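# Examination of the molecular architecture
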Number of protein chains: 4
Amino acid sequence: METATLLCSCDDRSGIVAALTHFVAEYRGNIIDLDQHTDSREKKFFMRLVWDIGASALSREDLPAAMSLVAKKFTNMKWRLSFGSPLPRIAIMASTAPHCLADLLLRRQMGELPGEIALVIANHEDLAGLCQHFQVPFRHIPASRENRAEAEAEQLRLLREYRIELLVLARYMQVLGPGLTDGREGGIINIHHSFLPAFVGAKPYHQALAKGVKIIGATAHYVTAELDQGPIICQDTAPVSHRDEVEDLIRKGRDIERRVLGAAVRLHLERRVIVSGNRTIVF
Amino acid sequence: METATLLCSCDDRSGIVAALTHFVAEYRGNIIDLDQHTDSREKKFFMRLVWDIGASALSREDLPAAMSLVAKKFTNMKWRLSFGSPLPRIAIMASTAPHCLADLLLRRQMGELPGEIALVIANHEDLAGLCQHFQVPFRHIPASRENRAEAEAEQLRLLREYRIELLVLARYMQVLGPGLTDGREGGIINIHHSFLPAFVGAKPYHQALAKGVKIIGATAHYVTAELDQGPIICQDTAPVSHRDEVEDLIRKGRDIERRVLGAAVRLHLERRVIVSGNRTIVF
Amino acid sequence: METATLLCSCDDRSGIVAALTHFVAEYRGNIIDLDQHTDSREKKFFMRLVWDIGASALSREDLPAAMSLVAKKFTNMKWRLSFGSPLPRIAIMASTAPHCLADLLLRRQMGELPGEIALVIANHEDLAGLCQHFQVPFRHIPASRENRAEAEAEQLRLLREYRIELLVLARYMQVLGPGLTDGREGGIINIHHSFLPAFVGAKPYHQALAKGVKIIGATAHYVTAELDQGPIICQDTAPVSHRDEVEDLIRKGRDIERRVLGAAVRLHLERRVIVSGNRTIVF
Amino acid sequence: METATLLCSCDDRSGIVAALTHFVAEYRGNIIDLDQHTDSREKKFFMRLVWDIGASALSREDLPAAMSLVAKKFTNMKWRLSFGSPLPRIAIMASTAPHCLADLLLRRQMGELPGEIALVIANHEDLAGLCQHFQVPFRHIPASRENRAEAEAEQLRLLREYRIELLVLARYMQVLGPGLTDGREGGIINIHHSFLPAFVGAKPYHQALAKGVKIIGATAHYVTAELDQGPIICQDTAPVSHRDEVEDLIRKGRDIERRVLGAAVRLHLERRVIVSGNRTIVF
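Scope of this entry: the structure provided in the associated data block. (Residues numbered from 1 in each chain as written. Chains lettered and ligands numbered in written order. Predicted model: local features only at pLDDT ≥ 70, side-chain atom pairs only at ≥ 80, totals over all residues. Heavy atoms only, no water.)

What follows is about the relation of the copies chain C and chain A. Rotating chain C by 180 degrees and translating it 0.0 Å along the rotation axis places it on chain A, where the RMSD comes to 0.0 Å. The superposition operator between the copies reduces to a two-fold rotation axis. Every residue of chain C has its C-alpha some distance from the rotation axis, and the shortest such distance is that of C:A198, at 2.4 Å. When you check the interface residues of chain C against chain A, 100% turn up at the interface there too, and the contact is symmetric in its surfaces. (Least-squares fit on C-alpha atoms with pLDDT ≥ 70 in both. Contact = heavy atoms within 4.5 Å.)

Okay, structure coming up:
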């Protein structure tokens, strides 16, 4: 089935759903999935709309212009139209820990992720073999304080060369500079190994142990300029006890990190996430 | 805010969402919430639509007739229109265990349940004081094999007298006869103290212990003629271990039963549940 | 069955378990349950030991002196010996929200809590009827900035009069002064309505909404001089979404608060919790 | 640290813990971890004891004989003594689905599993590359109704050749014959993709969809002669909704299967599981 997916937001008023679903029906589209949300405090409207365009009177090429005309009827409408193909292109940045990277590669192989993992960039060489097994290009760019500027330039060059839409930080142990984050709002997903906002920053499992919490967690969020403060997409938790040493928290945490990051990437690729201020709408 | 809530299902085709949202907009309703689902295997369409009728050109009294006309455009459309008031009237049947009954009464008191608990019927007298505290009428109808027919007649009489829409079995330890269940499809909610379809019938916690499961659960479902087989609304689980004796399973189970039953009753009262064959759509 | 329960901690060395279990066997006790933990970083040993004293050669009265002799063999041993009766006496402090108080009263009624709820103190009168239903003495002590000293004096007087061992803050919306907390380390349990250390202080659900978290939680902890910083006994979480307004978070949170507080009080009463610095060992 | 781990069970009586911990202390062992359980219905005693044998007066070689003498003091004592090395040798059987196999290989690589994955046997060739990447021997033995006897003979030969202690069925889609299961009680772990005892047998996710459950699960259990009926080691669940098609259940199920199987294999290798009748004690 050939589908179009619309993600949009605008100031709330009456008739938005009717107008947009009428727009679809008018050109002989058949709605497959519709989810909407009204933020009554902020008076904002959000919608995700998926429709079958197999019998559409409008071609893929003509749809954006038509949608553009509809959007003008509403105040502050932001919208994005996606099609099932070509698949969004993903780059993954990693360091030495294999679990998140292996998980994403495996999910992609099993067809769970509607995107193409086009490139892996790592600041260590440990994960080259893993990428080779999954037949994904691997680039080693050592990153340290001294060479940050060059490294970032090279990373940027690769993201352009590989036409990357989504960047995923799969336990990449470096802070990204503004050169990478600017202009990529809602385009970089990071996995933080704590239940944010608890335990921001380095060594969250050590922090958790010191605090004596009985539950640990992980948080997938979009990267913004401020460390570990971007809009949260997905979180999960697991129980721990006084028996758990730091190594146990790290081990248990890996399971949470993997499923939270995998879920967040999937939600993003399925066009289910809209960023609204510092929060996300996840349809 | 004065709202109307439509729950409907029909054979799938294109244009249903557009027609219904157009219907709302046409009469100056403002959509608050819309959720829809297409069962592509069964080719069935389901929708829940909530709209603000404060500025509606159609009065509450006129809406059903207008909706009726819209419904005729679609094949096999079943629909139900509800308004925020008057609140649906609920009867709860219980035996001796207080936890589910107390939980529902407390939730109602705290404003979690958009319904009125109009009556409690019990086959024992133990829970009379609890009902008195919450100022809900309590009727004691002893139920045994011998007096089943009379008991059921009296129960039916009360359900009519109190104009009961929803009947909730809050650990009521008797099987309802056809006199009570016939004509009440989707109108009786039971809590079964296992993760159905595991451990149907009596003493599920004893069954769970004997089987050595590591997780127990509870299931809220609509009552049908067949014991513990009706459409499932809500389920939840909790971990157990080899240390748990039957009494521990019963204790842990009570926590699950309470929150599962409370959630199911709330979903039903908020008009979020559509029964489709032996399954439920829960918006 | 008549049992003794020992909770103890000391500096780690070899032979502790052997010495203590030998002590039990020597006087014809039969071990029912034993759980121990070694904190290898802190080099501390912790144990909970439950034994049948039905055939014991030592009476309840003589056991403490005998245990005292055993304890002297170990460095820094702290220990506490409890018996199944008399039950520990509990006071609950509450304000207006009924859910945590009702839950504890119900759990006690159903036999889940091995303690006696001897007294409820509230700074509002709303919950008097609930206590009356459960036949628990209710005392209303208005508490405000102005009368803090007198209120605290009266609270203290009641805790002494009712010989209270455990004080439970069941959504009591006042900070306790040092007059109440001093000397009650590990003797006051509070339920905080967030997943600590996230969202310390007032209005945590509002904080959670503003932050856009996808999971909320609750934390039962012992009260110390520092607000919301005492040793954590029990935590749990539940998923939330962009659809949840503050009222939804509050409602969902109530379910978590109830089960977390109920679990913590039960663990405490069953003598399963040892405080070690700012953490707890929960056997 | 060099440790010994004892798993034992016997008829309950007083003094067992004292005798065993005395045995350890007598030969200058230092107890690291002790967990015990008394099944009061069956009057059986179970214990797991880990101690440091670095300063032991008894060598590894002499410990079993000494333990043997202790065991004779108790009725029906079964015991097993394990040391940290050599690591238990594991064979994994798989078919075409990579997720469970990849997960176990990755966990082993990251040091989560105290065992050596010595061999992978598959009835298809799909997973050969994965094993090559993780440098684990891969053997392809086609298995069908026709060649069952030869296939089983070859499998048995390999298990002996590789001196396999634990056999793990990682979504191996064939039923094992008695030639493989006889004499391996408690030595074969299978992952079943449902929350047993619900949905025994083939296509459990299809069964779950048909039943309309709101939660799915997975079960790791020891294999016995009767299909999907062996003692359960570990289970977990995840919520599903009316939106989930069979493919979604399969996808969500993979996440549960992986973590449940990984946890069960780890618990087994850490010598934390004792089979008692058709149930397990998991320390």
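Further notes follow.
We now examine the pairing of strand β11 (residues 232-239) of chain B. Residues and elements named next belong to chain B. Most of β11 sits inside the fold, with six of its eight residues counted as buried. Alignment of strand β10 (residues 215-222) against β11, held across seven bridges, turns out to be antiparallel. Within β11, the residue paired with G217 across the bridge is T237. (Buried < 20%, exposed > 50% of the residue type's maximum accessible area, 1.4 Å probe, protein only. Helix = DSSP H or I, 4+ residues; strand = E, 2+ residues; numbered from the N terminus. Pairing = 2+ DSSP bridges.)

This part takes up the packing of aromatic side chains. The geometry of two aromatic rings is summed up by the distance between their centres and the angle between their planes. Tallied over the full model, the rule gives six aromatic pairs over all chains. With a centroid separation of 5.6 Å and 75 degrees between ring planes, the pair formed by A:F23 and A:Y27 is classed as edge-to-face. In this structure A:F23 comes out as buried when scored by relative accessible area, which is 4%. Taking the centre distance of 4.7 Å and the plane angle of 70 degrees together, the rings of A:F195 and C:F195 count as edge-to-face. (Phe/Tyr/Trp six-rings, centres within 6.5 Å; stacked < 30°, edge-to-face > 60°.)

All names here are of chain B. Between helix α7 (residues 204-211) and helix α8 (residues 246-269), the shortest axis-to-axis distance is 9 Å and the interhelical angle comes to 120 degrees. For the element pair α7 / α8, the angle class is oblique. The way α7 lies across α8 gives a crossing that is right-handed. Between α7 and α8, the residues in contact are Y205, H206, A208 and L209 and V246, L249, I250, G253, R254 and E257, respectively. Partitioning the contact of α7 with α8 into residue classes produces six nonpolar, two polar and two charged. (Axes fitted to C-alpha atoms, helices over the stretch in contact; angles between N-to-C directions. Parallel < 35°, antiparallel > 145°, perpendicular 65-115°, else oblique. Left-handed = near helix turned anticlockwise from the far one by under 90°. Nonpolar A, V, L, I, M, F, W, Y, C, P; charged D, E, K, R; others polar.)

Once that is clear, we can look at the interface of chain B and chain A. Between chain B and chain A, the contact holds 18 residues from the first and 18 residues from the second. Taken together, the two surfaces of chain B and chain A that pack against each other cover about 1200 Å², and 50% of this comes from carbon and sulfur. Ranking the residues of chain B by area buried against chain A places B:N30, B:L34 and B:Q36 at the top, with a combined share of 32%. At the boundary of chain B and chain A, one finds zero salt bridges. Seen at the junction of chain B and chain A, the total is three residue pairs in polar contact (both at pLDDT 80 or more). Elements represented by at least two residues in the side of chain B that touches chain A include exactly α1 (16-26) and β2 (30-39) of chain B. (Buried area = accessible area lost by both parts, 1.4 Å probe. Salt bridge = Lys/Arg side-chain N within 4 Å of Asp/Glu carboxyl O. Polar contact = N/O pair within 3.5 Å; in protein donor to acceptor, adjacent residues only side chain to side chain.)

On the side of chain A, 34 residues touch chain C, which itself brings 34 residues to the contact. Of the roughly 3000 Å² buried between chain C and chain A on both sides combined, carbon and sulfur atoms contribute 53%. For the pair chain C and chain A, the interface holds four salt bridges. When the shortest N-O distance is used, the salt bridge between C:R41 and A:E245 registers 3.1 Å. On inspection of chain C and its partner chain A, the count reaches 19 residue pairs in polar contact (both at pLDDT 80 or more).

Further remarks concern helix α1 (residues 16-26) of chain A. Among all positions of α1(A), only A:I16, A:V17, A:A18, A:L20, A:T21, A:F23 and A:V24 are buried. Taken together, the buried residues of α1(A) touch β1 (3-11), β2 (30-39), β3 (44-52) and α2 (63-71) of chain A together with α1 and β2 of chain B. At the C-terminal side of α1(A), A:R28 shows a positive phi close to 65 degrees.

So, about the sheet that holds strand β11 (residues 232-239) of chain D. Residues and elements named next belong to chain D. As summarised here, the arrangement of the seven strands in space is β7-β6-β5-β8-β9-β10-β11, forming an open sheet in which the pairing is mixed. Two strands lie at the open edges of the sheet, namely β7 (138-140) and β11, each paired on one side alone. Each strand axis lies, on average, 15 degrees off the axis of its neighbour in the sheet, ignoring direction. With six bridges joining them, strand β5 (residues 89-94) and strand β6 (residues 116-122) adopt parallel strand pairing. Bridging from a neighbouring strand, R89 pairs with E116 of β6. Here helix α5 (residues 148-161) sits on the sheet and contacts β5, β6, β7 and β8 (166-169); the angle it forms with β6, its principal contact strand, is near 170 degrees.

Once that is clear, we can look at the relation of the copies chain B and chain A. Rotating chain B by 180 degrees and translating it 0.0 Å along the rotation axis places it on chain A, where the RMSD comes to 0.0 Å. Here 100% of the interface residues in chain B have copies in chain A that are interface residues too; the copies meet face to matching face.

To continue, consider the sheet that holds strand β11 (residues 232-239) of chain C. All names here are of chain C. If you trace the seven strands from one edge of the open sheet to the other, you get β7-β6-β5-β8-β9-β10-β11, paired in mixed fashion. Pairing within the sheet leaves two strands with one partner each, and these edge strands are β7 (138-140) and β11. For this sheet, the mean angle separating the axes of adjacent strands, direction not counted, is 15 degrees.

Residue and element names in this part refer to chain B. Taking 1.5 Å as the rise per residue, helix α5 (residues 148-161) with 14 residues should run 20 Å; its terminal C-alpha atoms sit 20 Å apart, in good agreement. Inspection of α5 places A151, E152, Q155, L156, L158 and L159 among the buried residues, and these make up the whole buried set. All buried residues of α5 fall inside an arc of 160 degrees around its axis, so they share one side. In this structure, α5 carries A149, E150 and R160 as exposed residues pointing more than 90 degrees from its buried face. Taken together, the buried residues of α5 touch β5 (89-94), β6 (116-122), β7 (138-140), β8 (166-169) and α6 (178-181). Directly beyond the C-terminal end of α5, a positive phi value near 50 degrees is found at R163. (Expected span 1.5 Å × (residues − 1). Arc of directions from axis to C-beta.)

So, on to the pattern of salt bridges. Evaluated as defined, the whole model comprises 97 salt bridges over all chains. Put simply, D:E112 and A:R254 hold a salt bridge, and the shortest N to O gap is 3.0 Å. With D:E112 in the loop between α3 (99-109) and β6 and A:R254 in helix α8 (residues 246-269), this pair bridges two chains. Grouping residues by exposure puts D:E112 and A:R254 together as buried. We note a salt bridge from C:R251 to C:D248, for which the minimum N-O separation is 3.3 Å. Remark: C:D248 and C:R251 occur in helix α8 (residues 246-269); sequence separation between them is three residues, near one turn of the helix. The exposure class assigned to C:D248 is buried, which follows from its relative accessible area of 18%. One salt-bridge network, held together by shared partners, links A:D103, A:R107, A:E112, D:R254, D:D255 and D:R258.

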